[in-house]
Amino acid sequence: MAEMTEEEANYWDEYYTKNPPKIDPTKKGTGFFTQRKTLGRTITVDTLSADYLTTKAIATHKTPAEIIGELVRKELKAAV
């Protein structure tokens, strides 16, 4: 990705200083980061589990959360 020139940076700095983005306070919790925070409950796992999840995530091009979800669904399906 190309970096901005000093001239471009100055242009965008001035543009957004004069035209700040409009924010609607009635839309609380609808932004990207708020939604990700809501989805991302933190859990702690042991080293073996963390290593397994990381290795599996790299090999399958999935996130650790997706792998955990698949494992949980598999366990729930087996329990029925």
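Structure report, in brief.

The rules behind each value
- Residues numbered from 1 in each chain as written.
- Predicted model: local features only at pLDDT ≥ 70, side-chain atom pairs only at ≥ 80, totals over all residues.
- Heavy atoms only, no water.
- Helix = DSSP H or I, 4+ residues; strand = E, 2+ residues; numbered from the N terminus.
- Buried < 20%, exposed > 50% of the residue type's maximum accessible area, 1.4 Å probe, protein only.
- Patch = residues over 30% accessible without salt bridge, like charges linked within 9 Å, V, L, I, M, F, W, Y side chains within 5 Å.
- Areas by Shrake-Rupley, 256 points an atom, 1.4 Å probe, with all protein chains shown as cover.
- Salt bridge = Lys/Arg side-chain N within 4 Å of Asp/Glu carboxyl O.
- Phe/Tyr/Trp six-rings, centres within 6.5 Å; stacked < 30°, edge-to-face > 60°.

## Observations regarding unusual backbone geometry
Keep in mind that most residues, glycine aside, have a negative phi and that most peptide bonds are trans.
No. 1: The phi torsion at His-61 lies on the positive side, around 60 degrees, for a residue other than glycine.
No. 2: Relative to the assigned elements, His-61 resides in the loop between α3 (47–60) and α4 (64–79).
No. 3: Accessibility expressed as a relative area gives 74% for His-61, which makes it exposed.

## A closer look at a nonpolar patch on the surface
No. 1: Judged by side-chain polarity, Met-4, Tyr-11, Trp-12, Tyr-15 and Tyr-16 come together as a nonpolar surface patch covering roughly 570 Å² of accessible area.
No. 2: In this fold, Met-4 is placed in the segment before α1 (6–18).

## Some words on the packing of aromatic side chains
The relative placement of two aromatic rings is captured by the distance of their centres and the angle of their planes.
No. 1: Evaluated as defined, the whole model comprises five aromatic pairs.
No. 2: Taken together, a centroid distance of 5.6 Å and an interplanar angle of 85 degrees make the contact between Trp-12 and Tyr-15 edge-to-face. With Trp-12 and Tyr-15 both in helix α1, this residue pair falls three residues apart, about one helical turn.
No. 3: Judged by its relative accessible area of 38%, Trp-12 is partly exposed.
No. 4: Given the relative accessible area of 34%, Tyr-15 is considered partly exposed.
No. 5: Where Trp-12 meets Tyr-16, the ring centres are 5.9 Å apart and the plane angle is 25 degrees; that geometry is what we call stacked. With Trp-12 and Tyr-16 both in helix α1, this residue pair falls four residues apart, about one helical turn.
No. 6: Residue classification places Tyr-16 among the partly exposed positions, given a relative accessible area of 45%.

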